[in-house]
Amino acid sequence: MNLTIENILLVGSLLLFVSIIVGKTSYEFGVPTLLLFLAIGMLAGSDGIGGIHFDDPKIAQFIGIVALNFILFSGGLDTNWKSVKPILREGIALSTLGVFLTAISLGTFVWLITDFTIYESMLLGSIVSSTDAAAVFSILRSKSLALKTNLRPTLELESGSNDPMAYVLTIAFLTLVINQNQSIFSIVPLFLQQMIFGGIAGLAFGKISKFIINKIKLDFEGLYPALVIALMFITFSATDFFGGNGFLAIYICAVYLGNQDLIHKKTILKMYDGLAWLMQIVLFLTLGLLVFPSEVYPYMGIGLLISLFLIIIARPLSVFISLIFFKMKLRRRFYISWVGLRGAVPIVFATYPLLAGIEKANIIFNIVFFISVTSVLIQGTTLSIVAKWLHVALPEKVKPISETEKFILDIPKSSMKEFEILNDSFAVNRRIVDLNFPKSAFIIMIKRRGEYIRPGGSTLIEAHDTLMVIADNQEDFLSVGNCLS
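What counts, and at which threshold
Residues numbered from 1 in each chain as written. Predicted model: local features only at pLDDT ≥ 70, side-chain atom pairs only at ≥ 80, totals over all residues. Heavy atoms only, no water. Helix = DSSP H or I, 4+ residues; strand = E, 2+ residues; numbered from the N terminus. Contact = heavy atoms within 4.5 Å. Salt bridge = Lys/Arg side-chain N within 4 Å of Asp/Glu carboxyl O. Buried < 20%, exposed > 50% of the residue type's maximum accessible area, 1.4 Å probe, protein only. Pairing = 2+ DSSP bridges. Axes fitted to C-alpha atoms, helices over the stretch in contact; angles between N-to-C directions. Polar contact = N/O pair within 3.5 Å; in protein donor to acceptor, adjacent residues only side chain to side chain. Phe/Tyr/Trp six-rings, centres within 6.5 Å; stacked < 30°, edge-to-face > 60°.

Counting secondary structure elements, the protein contains 22 helices and 4 strands. Counted over contacts in the protein with a minimum sequence separation of 6, partners at least 24 positions apart contribute 79%.

Right, here's the structure in full:
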């Protein structure tokens, strides 16, 4: 069946509905939902029972880039700076040096066992060199896996920040495949430009976005998430236009925004959580439609060999070398090595050789697809088991709740206190978002001239207001008092 304007909404909504229903029960059988989304796409494709013919890498790449924007931005918003700060250096080492070492070691192995040229081998290694943010975020959170001693922030920071490095390496080696006469050292300026510009742009757009979100006055709360979406795409496209790495920029921008006081922040976080899941489903369905299982089958043998080398040798080697100068228990290093999930990102990156029209593009795409499937199937289904084996998992009863979860879920506070605003208070004629309240304290109601007002981030505090504040402990109330006085 060919996709037309008349049936695309029906087919798309049915696939989405089936994916959500099937995904709801998938973990009862220990199967990651992302793999099922991919399988549904394949079943609906030309080689499956659906018979939908979809063979357009350009559209698939566009959908992939849009989806990755939402997935990375959502992951960044959910990243708590206090949790990340202690492991920042380890995360950066894994997302840069670790990715580079994975690409080089795997590329060398591919060169030795296939008829690929050295640059084609390095291109394949680069495409699958990063852990996949969509896979890591969704599997860790869906399984509610609690890990010891900053292990989970390390894994999420790595997966959220290492795609830019893989992207740069992919583009660099693709350039070398196309232009064989270029020196390998010619990719160094490209790498520096992408990473430096991307990092600076991410922080700059984060600060600009905070200013716009908090200063602009919109009549409807629902417009604020739409505003953030616009700012996200501006960050990505503007950074890319000026030669920086857009993926790195949006992740840094989102991490910055996620740790700031924003108007209607809860609404924004909830919306992005839902959109991230939607984009993961759409992305995996699209890539499932794009692949032809009959074309993957001939490369299953070599694909399995490369995948096992990646899981057992290349990934652990890169992790241990990257973390050699950091104090970390051996079992934590082994677990980080195991959570080297490959998912949709490598498949999206594999569309670049297809669009460039290089000789072995189809072979690379099919091998990458098989590597991603086996990675999610082997590693994704065993994260909890391996965590227990290595004694890095926390019992469910002591599982910590993240600051973002507390914020979104309205976790009840231990006590409430009223604060009366005097004429000379610092808070008079200031918005709630500008008061710098402690993260665990919230104004739940304002009593003003005998009436009760539901507060929002943009609500102005007036003299003689009575603020009803809930918080966890007395120290939080003291901080609130300091902010108001």
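The subject of this paragraph is the pattern of salt bridges. Opposite charge on two side chains permits them to pair, given that their charged atoms come into close proximity. Under the counting rule described, the total for this entry stands at 5 salt bridges. Across the pair Glu158 and Arg315 runs a salt bridge whose closest N-O atoms are separated by 2.7 Å. Taken together, the positions of Glu158 in helix α8 (residues 151-161) and Arg315 in helix α15 (residues 300-322) put the pair 157 residues apart, joining distant regions of the chain. Overall, Arg315 belongs to the buried group, its relative accessible area being 3%. Of the charged contacts, one joins Arg448 and Glu462 as a salt bridge, the two residues approaching to 3.6 Å between their closest N and O atoms.

On to the sheet that holds strand β4 (residues 466-471), then. The sheet built from 4 strands is open, its strands ordered β1-β4-β2-β3 with antiparallel pairing. The sheet terminates laterally at β1 (415-420) and β3 (451-453), the two strands that pair on one side only. Going from strand to strand, the sheet's axes swing by 25 degrees on average, the running direction of each strand aside. Judged from the 6 bridges that link them, β1 and β4 form a sheet pairing that is antiparallel. Bridge pairing links Phe419 to Leu467 in β4.

Right, let's get into the environment of Tyr251. In this structure, Tyr251 sits in helix α12 (residues 246-258). Sequence separation between Tyr251 and Leu157 is 94 residues; the distance between their C-alpha atoms is 9.8 Å.

Here Glu158 takes part through its side chain, which lies 2.7 Å from a polar atom of the side chain of Arg315. Ignoring sequence-local partners within four residues, the contact set of Arg315 consists of Thr131, Glu158, Leu310, Ile336, Ser337, Val339, Gly340 and Arg342.

This brings us to α8. Most of α8 is tucked away, with 10 of its 11 residues classed as buried. Among the residues of α8, those classed as buried are Leu151, Arg152, Thr154, Leu155, Glu156, Leu157, Glu158, Ser159, Gly160 and Ser161.

This part takes up the packing of aromatic side chains. Per the stated rule, a full pass over the model turns up 11 aromatic pairs. Judged by centre distance (4.0 Å) and plane angle (5 degrees), the ring pair of Phe109 and Phe309 falls under stacked. Of this pair, Phe109 sits in helix α5 (residues 88-113) while Phe309 sits in helix α15, and the two are 200 residues apart along the sequence. Given a relative accessible area of 16%, Phe109 falls into the buried group. The exposure class assigned to Phe309 is buried, which follows from its relative accessible area of 15%. Their ring planes at 65 degrees and their centres at 5.2 Å tell us that Phe320 and Phe334 sit as a pair that is edge-to-face. Taken together, the residues Phe320 in helix α15 and Phe334 in helix α16 (residues 330-338) connect sequence positions 14 residues apart. A relative accessible area of 42% places Phe334 in the partly exposed class.

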